[in-house]
Amino acid sequence: MSEKNEILLKVNKVYQPPQRVLEKALITKEEFDEMYKRSIENPEDFWADIAEKELHWFKKWDKVFEWNYPKYQWFIGGKLNITYNCLDRHVENGRRNKLAYIWVDEDGNEKKYTYGELLDLVNKIANGLKELGVKKGDRVVIYMPLVVEQLASMLACARIGAIHSVVYAGFSSNALRMRIEDAKAKVVITSTWTKRRGKKIDLKSVVDEAVDGLNFVENIVVLQREGDEFELEEKEIDFNEWIKDKSTHCEPEIMDAEDPLFILYTSGSTGKPKGVLHTTGGYNLYTHVTTKYVFDIHEDDIFWCTADPGWITGHSYMVYGPLSVGTTSVIAEGAPDHPDPGRWWSIVEKYKVNIFYTAPTAVRLFMKYGEEWPKKYDLSSLRILGSVGEPINPEAWIWYYENIGRGQCSIVDTWWQTETGGHMITTVPAYPQKPGKAGKPFFGIEADVVDKEGKPVEPNKVGYLVIKKPWPSALRTCWGEPERFEKYWSEIGKYYFAGDMATKDEDGYIMILGRADDVINVSGHRIGTAEVESALVSHPAVAEAAVIGKPHEIKGESIKAFVILKQGYEPSESLAKDIKMHVRHELGALAVPDEIEFVEKLPKTRSGKIMRRVLKAKELGMPLGDTSTLED
Ligand code: PRX
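The rules behind the values
Just so you know, the residues in each chain are numbered from 1, in the order the chain's sequence is written. Local features in a predicted model are, by the rule used here, given only for residues with pLDDT of at least 70; side-chain atom pairs are given and counted only at 80 or more, and totals for whole chains, interfaces and linings are based on all residues. Neither water nor hydrogens contribute to the side-chain values; these are computed over all heavy atoms in the structure. Strands are labelled as partners when DSSP assigns at least two bridges between them. Secondary structure elements are taken from DSSP: a helix is a run of H or I of four residues or more, a strand is a run of E of two residues or more, and numbering for both begins at the N terminus. For helices, the fitted line uses only the C-alpha atoms of the stretch in contact; every axis is such a line through C-alpha atoms, and the angle between N-to-C directions lies from 0 to 180 degrees. Here, expected helix span is obtained from the residue count minus one, scaled by 1.5 Å. Relative accessibility under 20% of the residue-type maximum defines a buried residue, over 50% an exposed one, and the middle range a partly exposed one, all with a 1.4 Å probe and only protein chains included. In this analysis, two residues are considered to be in contact whenever any of their non-hydrogen atoms come within 4.5 Å of each other. One heavy atom suffices: a residue is near a molecule or strand as soon as one of its heavy atoms comes within 4 Å of it. We call two N or O atoms a polar contact when they sit within 3.5 Å, provided that within protein one can donate a hydrogen and the other can accept it, with sequence-adjacent residues counted only if both atoms are side-chain atoms. When residues are grouped by polarity, Ala, Val, Leu, Ile, Met, Phe, Trp, Tyr, Cys and Pro land in nonpolar, Asp, Glu, Lys and Arg in charged, and all others, Gly among them, in polar. Take the buried Ala, Val, Leu, Ile, Met, Phe, Trp, Tyr and Cys residues and link them wherever side-chain atoms come within 4.5 Å; each set so joined is a nonpolar core. Convention used here: angles under 35 degrees read as roughly parallel, angles over 145 as roughly antiparallel, angles from 65 to 115 as roughly perpendicular, and any remaining angle as oblique. Rotating anticlockwise by less than a right angle from the far helix to the near helix defines a left-handed crossing, while the corresponding clockwise rotation defines a right-handed one. Criterion for a salt bridge: a side-chain nitrogen of Lys or Arg within 4 Å of a carboxyl oxygen of Asp or Glu.

Chemist: Which residues make up the sheet that holds strand 5 (residues 110–114), and what values do they have?
Modeler: Sheet architecture is open: seven strands sit in the order 5-4-17-16-18-19-20, paired in mixed fashion. Edge positions in the sheet fall to strand 5 and strand 20 (410–414), since each has one partner strand and no second. Taken over all neighbouring pairs, the strand axes of this sheet differ in orientation by 20° on average, direction set aside. Here strand 4 (residues 99–104) pairs with strand 17 (residues 328–332) via four bridges, running parallel. When the bridges of strand 17 are listed, Val104 appears paired with Ala332.

Chemist: Explain helix 4 (residues 43–54) to me, and be specific about the residues and the numbers.
Modeler: With twelve residues, helix 4 extends 16 Å from end C-alpha to end C-alpha; this agrees with the ideal 16 Å at 1.5 Å per step. When helix 4 is considered as a whole, its buried residues turn out to be Phe46, Trp47, Ala48, Ile50, Ala51 and Glu54. In this structure, the buried side of helix 4 is in contact with helix 3 (29–41), strand 1 (63–68), strand 2 (71–76), helix 5 (82–95) and helix 11 (281–294).

Chemist: Go over helix 12 (residues 312–325) with me, naming the residues and quoting the values.
Modeler: With 14 of its 14 residues buried, helix 12 lies for the most part within the structure. After helix 12 finishes, the residue Gly326 shows a positive phi value of roughly 90°.

Chemist: Residues and numbers for the site of the ligand, please.
Modeler: Near the ligand lie 17 residues; those nearest to it are Thr414, Thr418, Asp500, Arg515 and Arg526. Glu390 is positioned with one of its backbone polar atoms (N or O) 3.3 Å from a nitrogen atom of the ligand. For the shell around the ligand, the secondary-structure elements that each account for two or more residues are helix 12, strand 20 and strand 27 (510–515). Partitioning the shell around the ligand into residue classes produces six nonpolar, six polar and five charged.

Chemist: Explain the sheet that holds strand 26 (residues 500–504) to me, using residue names and the numbers behind them.
Modeler: Sheet architecture is open: four strands sit in the order 23-24-26-27, paired in antiparallel fashion. In this open sheet, the two strands that pair with only one neighbour each are strand 23 (447–450) and strand 27. The sheet shows a mean angle of 45° between the axes of neighbouring strands, taken without regard to direction. In the sheet, strand 26 pairs with strand 27 via five bridges, with the strands oriented antiparallel. By the bridge assignment for strand 27, Lys504 is matched with Ile510.

Chemist: Go over the side chain of Thr361, please, and point to the residues and values.
Modeler: Along the polypeptide, Thr361 turns up in helix 14 (residues 360–369). Assessed through its relative accessible area of 13%, Thr361 is described here as buried. Aside from chain neighbours lying at most four places away, what touches Thr361 is Glu390, Ser523, Ile554 and Lys555.

Chemist: Describe the nonpolar core, and please don't skip the residues or the numbers.
Modeler: Across soluble globular proteins, nonpolar side chains show a tendency to be buried alongside one another. Of all hydrophobic cores here, the largest spans 116 residues; its most connected members are Phe75, Leu118, Leu129, Tyr320, Phe442 and Phe443. Setting aside its immediate chain neighbours within four residues, Phe442 contacts Phe32, Tyr36, Tyr286, Val289, Thr290, Tyr293, Val294, His423, Met424 and Val428. Grouped together as the second largest cluster of nonpolar side chains are 43 residues, Val207, Val532, Ala541 and Val583 included.

Chemist: Before we move on, can you summarise the packing of helix 7 (residues 148–160) against helix 12 with the specific residues and values?
Modeler: How two helices sit against one another is set out by the angle between their axes and by the gap between those axes. The interhelical angle for the contact between helix 7 and helix 12, taken along N-to-C directions, is 60°, at an axis separation of 11 Å. The pairing of helix 7 with helix 12 is recorded here as oblique in orientation. Here helix 7 runs over helix 12; the crossing is right-handed. For the pair helix 7 and helix 12, contact is made by Leu151, Met154, Leu155 and Ala158 and by His315, Met318, Val319, Tyr320 and Leu323, respectively. Taken together, the residues of the contact of helix 7 with helix 12 sort by class into eight nonpolar, one polar and no charged.

Chemist: Describe the environment of Arg406, naming the residues involved and giving the relevant values.
Modeler: As for its position among the elements, Arg406 is in the loop between helix 16 (394–404) and strand 20. Counting along the chain gives 206 residues from Arg406 to Arg612, while the straight-line C-alpha distance between them is 42 Å. Setting aside residues up to four positions removed in sequence, Arg406 forms contacts with Arg20, Leu379, Ser380, Leu382 and Tyr401.

Chemist: So what about the pattern of salt bridges? Which residues, and what values?
Modeler: Evaluation of the coordinates by the stated rule reveals 50 salt bridges. Of the charged contacts in the structure, one is a salt bridge between Asp448 and Lys468, with a shortest N-O distance of 3.4 Å. One end of the pair, Asp448, is in strand 23; the other, Lys468, is in the loop between strand 24 (463–467) and strand 25 (477–478), and 20 residues separate them in sequence. Residue classification places Asp448 among the buried positions, given a relative accessible area of 8%. The shortest N-O distance in the salt bridge between Asp517 and Arg515 comes to 2.7 Å. Shared partners join several salt bridges into a network, and the residues in it are Lys550, Lys560, Glu595, Glu597 and Glu619.

Such coordinate-based values are descriptive only and should not be taken to indicate function.
This is the structure we're talking about:
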């Protein structure tokens, strides 16, 4: 049989969960189906039962759910603190000495934190924040590398009811500044540097530029790392000095279930990034329950989510979900393939990781390095493999299944978004899996694939992926822009629609095809075409620009920019390079176009809108589609 046919057979195969996964699974397929049915038929009772069983509440809610379209609330009147659920209750219930985090870096350094130690650290930071005058509802921006102090700073905010807004430490000073300004952050917590592929990346100077002249930022707390030597400027505080003599006791703020927990900025198809707001109760519950059942967490499991806390995956499945469940997480600063492409597998072997959660772009990177790398290590501890951030192509799915999972693991391909707070569509480990298809909606999620009017399309036909009703961890608003929140619930009937195309097969398995809007997914990171275009036109030589996403072997998509130069500028390689540097400075490395093509004209509608669809079709050699509105 040819290799192609062999792949085809594997792609179309339904993968039954391995026996060792089934034996351990918290819920069987039948139990999942039964629970799902109940969660849809009787959502309020379903969620109330789980909320009572899984979380600690200072005061029980008066009402489970209220929906005044488009606004909704969950656990109205309920009082809790997410850090109490993530830390105190474990410490009080015999997990004080259980490891919460095992941190490693590229140089083989390691630090371990028990639940007791983490609670102490969080409380010290919380007391430090209080001393700086940070109160419930104030915003704190965190711009740090992946170190435990980063995660503890998030928790410290939640401890006192401050709203954190974490900014990925790869974003530029301008991108950081926009977020600090939009959230009107009182305090920024940062660090001196991070290390990637052996190279130190300076973070502090990025923050210096970002906060320059922003008078409302009252303090900048700086975590100095080994070998640092520098003088603190006005407003700046040394992190370690700051917490040194602080008490390890800090009463958790009594939070209303609907009090804000965090803002996280994410790209849309137009304008500047939106500040997605999540609240306390529903988010705590939903991330807890998805962590427990989708990753099938058992008491002695070691869980490793390879994301960065700067993204929603890091928030939900590196911090709040795993801690609420009380599991031990590995966290790794640095690149997956440095000092060599065996780095990640050596970590799995060393710490006997059971559940491993990563993005398809990483899987494809390792495919390129070849199966000899994972083969060198003992990966037999692995039981569940997760995927997130972009569609996983069936070839990558199979490679992951065979070479990392050795045919002995279930794969959970979790579709969700910054806005959804937690997993929406996936199979649980005891469920049969289909390569490239995320699977079924999780508890309480009524997902469907519909046309523009909201009518379900036929099986296997392409449509828009919508969620019909609010779920506990759904975004509550966009910070300062309620109209952008409303848009999610009004584009397709009264359903939630955040921009993906999908198909649903006869068994109800949903396959995500990618974005319907002008959002590009580069290595699992959402980048708005509008953001890149506005960065491009802020270059002195650029008159107009349009960007598209192009399929890319490893990154999923890469960015291509079409640029019209201003009079007096000539296309050249050095100019293209300069423009790329400019985008890097404006937005950060992940938004830099791989290609820049200088053009004389851009396809536009008669009303002047750039038709990116036409550019893309032309670039990929595909039919141009309907061009009746094309100006010229
Ligand atoms: O297009 C979908 C894709 O990532 C988008 C959400 O991006 P973000 O808010 O940054 O959150 C990423 C991590 C949850 C979605 O609209 N996406 C995410 N997970 C998957 C996916 N596409 C296909 N399959 C997935 N498992």
